[in-house]
Amino acid sequence: MPIIEMAGRYVRRAVLAAGLVLLARPAAAQIPLGTGGTAPTPDQARQLLQSRPDLVAQLQARIGASGLTPDQIHDRLRSLGYPEDLLDPYMSGTAGTGTATAGDSERAVTAARQLGLISQEDSIGAVGPSSQTDLQSLELHRALRREAAEQADSLRILRDSLRADSLGLPYERPLRLFGLATFSNAPTTLQANQTGPVDENYRLGPGDRLALILTGEVEQAYPLDVTRDGFILIPQVGQLFVSNLTLGQLEDLLYARLGRAYSGVRRGPNARTHFEVTVTRIRTLQVYVTGEVQQPGAYQVSAAGTVLNAIYAAGGPTTQGDFRQVQLRRGGKLVDSLDLYDYLLRGVNSTEQRLQSGDVIFVPVHGTEVKVAGRVVRPAIYQLKPNETLRDVLQDAGGFAASAVRQRVQIHRIVPPDPRGGEEGAGRIVIDVGADQFAAGTVPAVPLTAGDSIVVFRVADVVRSFVRVEGNVWAPGVVGFQSGMKLSDAVRLAGGVRPDVYLGQVLITRLRNDSTRVQLRSTFADTTGRPTDDITLQDRDEVRVFSRTAFRTDRWVVITGAVRGPGRIPYREGMTVRDAVLLANGLAQDAYLKEAEIARVPEDRSHGEVAQTIRVPLDSTYLFSRGHPGEYMGPPGPPAPASGSPEVPLQPYDNVLILRQPEYELVRTVKILGQVKYPGPYALRTKTDRLADLIQRAGGLTREAYPGGIEFVRTRDSTGRVGIDLPAVLKDAHDRDNVILAAGDSIYIPEFNPVVDVRGAVNAPGAVAYVPGKNLDFYVRGAGGYTQKSDREHTFVTQPDGRKEAVQRRFLLADGTPHPRPGAVVTVPQREGNQPPSQLPTILGVAAQVLASLVTLIVVAKR
């Protein structure tokens, strides 16, 4: 919530400011602390209090403001390890004098907090507001505490409801205090009604404005303000005292006074001048709303307002407030009281007392509260007046709901302490108000006590007087049962049987008194649903009517091959191959139109045969995609009979295969770009077209072409780049790299690139000028050499034609190091994780030393 977030920011800011004060002010630094910032010892505390009389005065004031009693102070001192009489000399009010400053106040509160006498929250409220920021912080702190109190009220209601749940009470949701939402949903402020109208009992007073209108012989209108002394001044009439007069009394006065100035003003039909007086502006009053309300304080309300207006202005009572006795006090005396239940339940404002300036509306703490749960119209927490009973509270709750048990109410009661005694587990009892007490047809007047939980139970879910008819009828479900009902009656009430009804049997399931079931049966004479044995039914029998369709197995055919929608198709009597093709959305463009194959379930499977196949003729009439004049609109194919093939009937479970045209394929395309004379996409002429053929069709290579850098990419099956030795292919068309082209191949012939690109784990990755005859290590040195994390054993070269060559490290022999060509890429990978660097140089060094030692020994031995 925004108020909580704002308060949190101000509290954090205040704590930070207090810390800065402690660091900046020497006086604060004089507060002795134990080692590590702990609380002062008793001797240090006594020394502090004796040396700072001004601090003692402030400490006395703040302890008094915190509301702590001497016993509470003793308990806190004892719990913190101090002597409980440490502050006794300073609690009499005689110690210490002087005027306290804001700084002294802060230091006093800091000392009190160090002594553990007041909490951080108390210290925030104890420090007086010394600036506008402090005032805002204090107001926000108060708002935070009010909001926390409201949340605590909600949590209390929820806790009580959960406790009731643990007792088995049927609370469907947490119970709320009745009437609380009426005021909490209203606006937080009440605008004074200053424009009227007012009733005839409204009494005028200073601040009201009247309008006097004369019609007839005199046409005139006068605005009249009631002065502070209670007078109004009417031209040509004079001054009239109107304070505390009703409008009726003012009208009588005006007849007398206006008649003197205007002869036509009189009562009766002979009047020649008429007048009308109305209140055009109502004065406002200041009243005070206190006690258990959401927002206690002073409010400006209309002089025509009542106690109810003031209660709305203050946000209504809290969960601790008394809705049954809102007090109106005037001059220290009780003038009237308002029962808010009259307004909430019956829409009646039970007090006619008008508010007067200075009135106090007081909401005391509630009296007896009880919970009403279960099947009533308004489950809630209700407050009771003295002598109100179970009958009254159920009436307040709206009475029984339609689904309530009206002959039983249960009361869960908390036993008062005296009858409970010290017996363990005797704190709660359950009281049942039974059917004998409801014999008169009214709710008994059972006395209630505070904390009672009243439960109204719902009627049982058991349903009687029905027969259930399920299955192959037009309106399956429950039908009403009557004594003597027959099977035919139940079937008729269920709409009758369907045409495909199974005549052989209808089942009746009957529930016995011991909850076991017995099965009865009958049959139908015909499809009208007339039973051969019209069994007499009993309450809650279940009738099951069957369908012949339910006993049939699913039958289907399958069509596959060159059709647009292959799959399983439900079989229908008389279905043909043409029907199956139609249901499969027609033939595909590569369909073979001369014949199709049908695989059929064999009649005799004794010899292991699982299917027999037959070939059936097709013709061009199976091509349904045609233009308006009947011209075929698909791609070309082998010639097919124009028409004349017979319709071939299908049998259940046939598999129809529409064959595909032999060697059928659409145009294949490849792409050649770069340094050829005619780059672009080309269609392959045959399935055996090769790379050299494509280059020849593209006009050959240009002068700037670099054949050794060819990029050949095959997209089919996600192959990727393929290494091709194009110079060898151009010299010999029978070279193995003169590959057969496939649809989607992409060839790019670049220009000559005179550099070698070095990438990966080298000190200066980049391009190095190509030098003929130099190997991989030369170009790595040209890029700054290997780094500490280089994986030298897996360094490789990607030649410009896409071929990859790796370094071959040999023991005791020279390494096999590739020689990059112009446009090649040298890749030095980085070691993964904590992989150690290669030990080969170390091993070679040790081996060299061992060989040198052996040679020396041999030479010495020969001498």
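What you see is a predicted model; the values in this text were computed from it and never measured. (Residues numbered from 1 in each chain as written. Predicted model: local features only at pLDDT ≥ 70, side-chain atom pairs only at ≥ 80, totals over all residues. Heavy atoms only, no water.)

(A) Structural view of the overall build of the chain. Counting its regular elements, the chain contains 21 helices and 35 strands. Of all 863 residues assigned to the chain, the portion counted as buried reaches 37%. Once local pairs closer than 6 in sequence are excluded, the contacts in the chain between residues at least 24 apart make up 60%. Accessible surface for the chain amounts to roughly 48,600 Å². Of this, 52% is attributable to carbon and sulfur atoms. (Helix = DSSP H or I, 4+ residues; strand = E, 2+ residues; numbered from the N terminus. Buried < 20%, exposed > 50% of the residue type's maximum accessible area, 1.4 Å probe, protein only. Contact = heavy atoms within 4.5 Å. Areas by Shrake-Rupley, 256 points an atom, 1.4 Å probe, with all protein chains shown as cover.)

(B) How the structure looks around the sheet that holds strand β5 (residues 273-281). Strand order in this open sheet of three strands is β2-β1-β5, and the pairing throughout is antiparallel. At either margin of the open sheet sits one strand with a lone partner, and together these are β2 (220-225) and β5. Neighbour to neighbour, the strand axes of the sheet diverge by 20° on average, direction disregarded. (Pairing = 2+ DSSP bridges. Axes fitted to C-alpha atoms, helices over the stretch in contact; angles between N-to-C directions.)

(C) Broad picture of the sheet that holds strand β23 (residues 591-600). An order of β22-β21-β25-β23-β24 is seen for the five strands of this open sheet, with the pairing classed as mixed. Strands at the two margins of the open sheet, each flanked by one partner only, are β22 (567-570) and β24 (612-617). For this sheet, the mean angle separating the axes of adjacent strands, direction not counted, is 25°. By the bridge criterion, six bridges tie β23 to β24 in an arrangement that is antiparallel. Bridging from a neighbouring strand, Ala599 pairs with Thr613 of β24.

(D) Fine view of the environment of Pro379. Position of Pro379 among the secondary structure elements: in the loop between β11 (368-374) and β12 (380-384). Residues Pro379 and Arg176 lie 203 residues apart in sequence; the distance between their C-alpha atoms is 8.4 Å.

(E) Structural view of the nonpolar core. If you look at the biggest cluster of nonpolar residues, it comprises 74 residues, and the most contacted ones within it are Ile361, Leu390, Val393, Leu394 and Ile454. Apart from residues lying up to four places away in sequence, Ile361 is in contact with Val287, Tyr288, Val289, Thr290, Val307, Ala310, Ile311, Val326, Gln327, Leu328 and Leu355. (Core = buried A, V, L, I, M, F, W, Y, C linked by side-chain atoms within 4.5 Å.)

(F) Representation of the pairing of strand β27 (residues 680-683). With four bridges connecting them, strand β26 (residues 669-674) and β27 associate as antiparallel partners. In the sheet register, Thr669 faces β27, and the bridge partner there is Ala683. Connecting β26 to the antiparallel partner β27 that follows it, the hairpin turn spans five residues.

(G) The packing of aromatic side chains, seen in detail. Per the counting criterion, the structure on display carries 14 aromatic pairs. Between Phe183 and Tyr312 the ring centres are 4.8 Å apart and the planes differ by 50°, which places this aromatic pair in the tilted class. You can see Phe183 sitting in helix α9 (residues 180-184) and its partner Tyr312 sitting in helix α11 (residues 307-313), a full 129 residues away along the chain. Through a chain of ring-to-ring contacts, three or more aromatic side chains come together here, namely Phe183, Tyr312, Phe323 and Tyr343. Of note, Arg408 hangs over the ring of Phe457, and the distance from its end group to the ring centre comes to 4.4 Å. If you follow Lys774 out to its NZ or CZ, it ends over the ring of Phe778, 5.4 Å from the centre. (Phe/Tyr/Trp six-rings, centres within 6.5 Å; stacked < 30°, edge-to-face > 60°. Lys NZ or Arg CZ within 6 Å of the ring centre and 35° of its normal.)

(H) Fine view of the environment of Gln286. Tracing the backbone through its elements, the reader meets Gln286 in strand β6 (residues 284-291). Taking relative accessible area as the criterion, Gln286 reaches 31% and is therefore assigned partly exposed. Separated by 24 residues in the primary sequence, Gln286 and Ala310 have C-alpha atoms spaced 10.0 Å apart. Setting aside residues no more than four positions away along its own chain, Gln286 makes contact with Ala298, Tyr299, Gln300, Gln356, Ser357, Gly358 and Asp359. A distance of 2.8 Å separates polar atoms of two side chains, one belonging to Gln286 and the other to Tyr288. (Polar contact = N/O pair within 3.5 Å; in protein donor to acceptor, adjacent residues only side chain to side chain.)

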